[in-house]
Structures are given as C-alpha cells and as structure tokens.
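The chain contents come next:
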Amino acid sequence: MIQRRRPSSGLWKIVVWDEPFFQGKRHEFTTDCYSTPERGFSTVRSFRIESGAWVGFEHCGFQGQQFVLERGEYPCWEAWSGSNAYHVDRMSSFRPITCAVHGRSQLLLFEQENFQGRRGELSDDCPSLPALGWGGSAVGSFLVCSGAWVCSQYPGYRGFQYLLESDTHAGEYKHVREWGSHAQTGQVQSIRRVQQ
Amino acid sequence: ASEHQMPASKQQPASPNIAIFEQENFQGRCHELSGACPNLKDAGVDKVGSILVHSGPWVGYEQASCKGEQFVFEKGEYPRWDSWTNSRRSDSITSLRPIKVVRAPRQPLPTRQTKDSQEHKIVLYENPSFTGKKIEIIDDDVPSFHAHGYQEKVSSVRVQSGTWVGYQYPGYRGYQYLFEKGDYKDSSEFGAQHPQIQSVRRIRDMQWHQRGAYHPSN
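Read on for an overview of the structure. Small disclaimer: the values here were computed from a predicted structure and weren't measured. (Residues numbered from 1 in each chain as written. Chains lettered and ligands numbered in written order. Predicted model: local features only at pLDDT ≥ 70, side-chain atom pairs only at ≥ 80, totals over all residues. Heavy atoms only, no water.)

This brings us to the sheet that holds strand 2 (residues 27–33) of chain B. All names here are of chain B. One open sheet accounts for four strands, arranged 2-1-3-6; its pairing is antiparallel. Looking at the sheet topology across the chains shown, the edges are occupied by strand 2 and strand 6 (76–78). When strand polarity is set aside, the average angle formed by the axes of neighbouring strands in this sheet is 15 degrees. As paired strands, strand 1 (residues 17–23) and strand 2 are joined by five bridges and run antiparallel to one another. In the strand pairing of strand 2, glutamine 23 is matched with glutamine 27. (Pairing = 2+ DSSP bridges. Helix = DSSP H or I, 4+ residues; strand = E, 2+ residues; numbered from the N terminus. Axes fitted to C-alpha atoms, helices over the stretch in contact; angles between N-to-C directions.)

Okay, structure coming up:
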C-alpha cells in the first residue's frame, strides 16, 4: 500500500533525445513508434517516461530485446538495458503498455507449454521463483488473467525480459516462441507486475 | 495438471547456503559458504565466475569487508557476472554475507492492524538527515517513484521494518543499495556516490511469507 496519491493521468507520454543525458534532438510521443529512424531519430540514447508504462525494443518493428519502462528518467543505456542479457545502447521502437493494473494483477504459470504440467498462480511480485518452491529455473507457458507482467531470466529482475499482457492474444503465451523474438529458452527466475 | 506441493524438507527455514564457482556456467573449483565471508581471497576463492544460491538471500560486495558496490542474491542460478550486476562497472566480488530476513508469522495476523504489525516500512527523504520531501512505502514493491509523484533525489533513508533494496533507475535497474532496519542519514551511509533512487522493493523470505504470492493449485 502506498501512502501517496497518484497524480491523475490516463494517457501515455515519452520524451526522447538522440544523445545521452537528455541532450541533442528532442521529441515527444504519446502513442506507438514503430521505427525511430522513420521519425527522424537514427537512435534514441536517453528518454524520460512522463506518463503510463511503455515497452521499448532493440530493433524497429517491436523486435529484439524488450525493455519494460515505467515512469522516470533513463539518462543512458545502463538505465534501461544495464541489467539485460546483453547491453543494448539504443532503442529503435516503443509502444505503450495499456493493460497495466499494478494492484489487481493475476498470472498463471505452467511447467510445460500449452498450459500443461504443474501450475502456479501469482498476484504479487516474485524476485525469485526458486525461493517460492517452483522446481527448476524454467517456465513452459503463461496465462495472464489481468494486468501486465514482466518476467526475467535471472533472479532480481535481471537478464532477458519478457513482457506478458492480458490484452495481447487473450493473455495466452503458450510457447516460448510467443514471448518475443529474442526468446531462446524458457529460463525464468523472477516475475513482477508492471506499474501503470 | 498435477498439484504442486512444496517438499516437506522446505517446511523448515533453511540455513543460508551459497556455492561459488571460479568459472562461468558453474564450472571450475567450487566453494560453499553458509555464513559471512569478509574476504573471499582469504577463503581460497581466486575469482567468482558463477554463483548458485541454494538458500538466501545474500549480499555480495565488490570490495573486502562488505564495502563497495552491492549485489543482492536471491535463491537461483547466476551463470555469469552480468547476471548479478546492473551497472556492468565491475565483475569483482570480494566479500559476501547472508541477509537477515524477519520471518513472517506462520499464523495470519490479527485483523486489528496496528502500526507495529507492518512487516515492511521504509521512508525515503530528499535531503540528508531526514528532511525535505519524502516518500513512504508500506508492504509493497515500487518500480517507479515517479508514478507516485516523487521525482526528487534520495539523500537519507529510514527503515522502520523489513529489509529493502533500492535502485538508481526505474524498474530495479542501476546501482543497488541494501537497506536494513535503521537510519541512513546521508547517501554515503548506504554506499551511494549519487543520491538517486527511482525504485525500491522488499527482500522477503518467500517460502515463509504469509502473504506470499504463490498459490499452488490445480
């Protein structure tokens, strides 16, 4: 429970710069950006999320490594990909995460693909699935009942990130291939809710 | 789907245990620790290449005697140095110690909630010595301070209960700072060179947490 009131804000806004530390060319976006080069930015090297939650991608067309981006300042690449599997010093496409409901999120995870095998249910953040007693370090499939979640390869929300949304293909992530273009293994050791 | 049961052996709180491998991917010489080690080199560890946390949580430090950059380790597999650092500034771990976690009571808390019954409470302040604007967090993880209207720096911190880890950037990225119960009057007291924290989360003993998130089911 948070003791502060959230400022009322229904929409999404990101301000991007083509140089680190909020220098160089500046542009504001309030909706999807499929390709930053097409919008006059060969690279985005710093940004500020002013409202809503966003997901950024390594490549154009929402491809490659994913970065879940909540409100705040990201002055350099370490701020968005320093904890990822390999560092990515640019962001080439991004879009809002529209289904994030931090306080009312629910997720089912399954040991095997197609919702088979042992099953667990989460409604709170989990920095270590092994500490909860989930056997092994892999997950086979996810069913997002509500909200948006981000799962990570390593404990403590590090390594490859995979965004899981309740409003994307009905919240069904049946196979590791559906987690993202960068997903290679089902290794997942931490999962948390996305803050709207 | 079969019901997921936690093994009976896990019903007892496990004592801390961590395996340190001198090479990546759990190769090379292995050293096991069950308590604090102020200097891994004195313990015969030449290099930390990968880590398996059998029972945690732990905190590792870049320098001996628990100094320098901090790395929080929860139960799980860490095959390379870049699986525990967010800053990628240093691949060195020279000291390690278990983090004390207050175990949640096994029975549900009384419905009468008092301030003393909070398991996790932290207050972060803009200026040193607990002054300026503040953000107060109770029993939750906060990946974005900005989302809660707090955009200021963090120069002092008061932990009233629980154990926390703060991060330089949103979404638990950047430098990590461990906060245990007590007062941190200035950013140097929590090991920060820049007084910037944009996200914070609880350290919990998940197996024992009464409001733990995991509900095995069919």
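Facing 57 residues of chain B, the contacting portion of chain A comprises 60 residues. For the chain B and chain A pair, buried surface summed over both sides reaches about 5000 Å², with 49% attributable to carbon and sulfur atoms. Here chain B and chain A share three salt bridges between them. The interface formed by chain B and chain A holds 17 residue pairs in polar contact (both at pLDDT 80 or more) in total. Those elements that place two or more of their residues in the side of chain B that touches chain A are strand 6, strand 9 (131–138), strand 11 (163–169), strand 12 (173–179) and strand 14 (199–203) of chain B. Here the element with the most residues in the side of chain B that touches chain A is strand 9 of chain B; it accounts for six residues. (Contact = heavy atoms within 4.5 Å. Buried area = accessible area lost by both parts, 1.4 Å probe. Salt bridge = Lys/Arg side-chain N within 4 Å of Asp/Glu carboxyl O. Polar contact = N/O pair within 3.5 Å; in protein donor to acceptor, adjacent residues only side chain to side chain.)

Residues and elements named next belong to chain B. Looking at where serine 199 falls in the secondary structure, it is placed in strand 14. Using a relative accessible area of 0% as the deciding quantity, one classes serine 199 as buried. Within the local environment of serine 199, its side chain forms a polar contact with the backbone oxygen of tyrosine 169, the two atoms lying 2.7 Å apart. A distance of 3.0 Å separates a polar atom in the side chain of serine 199 from the backbone nitrogen of tyrosine 172. For serine 199, the contacting residues outside a window of four places in its chain are Val142, Pro143, Ser144, Phe145, Val165, Gly166, Tyr167, Tyr169, Pro170, Gly171, Tyr172 and Arg173. (Buried < 20%, exposed > 50% of the residue type's maximum accessible area, 1.4 Å probe, protein only.)

Counting 21 residues, the largest nonpolar core has A:Phe142, A:Trp179, A:Val188 and A:Ile191 as its most contacted members. For this core, the secondary-structure elements that each account for two or more residues are strand 8 (106–112), strand 10 (141–146), strand 11 (148–154) and strand 12 (158–165) of chain A. The contact partners of A:Phe142, leaving out residues within four places of it in the chain, are A:Leu107, A:Leu108, A:Leu109, A:Phe115, A:Cys151, A:Leu164, A:Gly171, A:Glu172, A:Tyr173, A:Trp179, A:Val188 and A:Ile191. One finds A:Phe29, A:Phe41, A:Tyr74 and B:Tyr169 within the second-largest nonpolar core, a separate group that totals 19 residues. (Core = buried A, V, L, I, M, F, W, Y, C linked by side-chain atoms within 4.5 Å.)

Moving on to the packing of aromatic side chains. Inspection of the entire model under this criterion finds 22 aromatic pairs over all chains. Summarising the aromatic geometry, the rings of A:Phe47 and A:Tyr74 are spaced 4.9 Å apart at their centres and angled 25 degrees between planes, so their arrangement reads as stacked. Separated by 27 residues along the polypeptide, A:Phe47 in strand 3 (residues 46–51) and A:Tyr74 in strand 6 (residues 72–74) bring together distant segments of the chain. For the pair A:Phe47 and A:Tyr74, a shared accessibility class is recorded, and that class is buried. Through a chain of ring-to-ring contacts, three or more aromatic side chains come together here, namely A:Phe142, A:Phe160, A:Tyr162 and A:Trp179. Just above the ring of A:Tyr157 sits the side chain of A:Arg192; from NZ or CZ to the centre is 5.8 Å. Cation over ring: B:Arg158 sits above B:Phe130, and NZ or CZ is 4.0 Å from the ring centre. (Phe/Tyr/Trp six-rings, centres within 6.5 Å; stacked < 30°, edge-to-face > 60°. Lys NZ or Arg CZ within 6 Å of the ring centre and 35° of its normal.)

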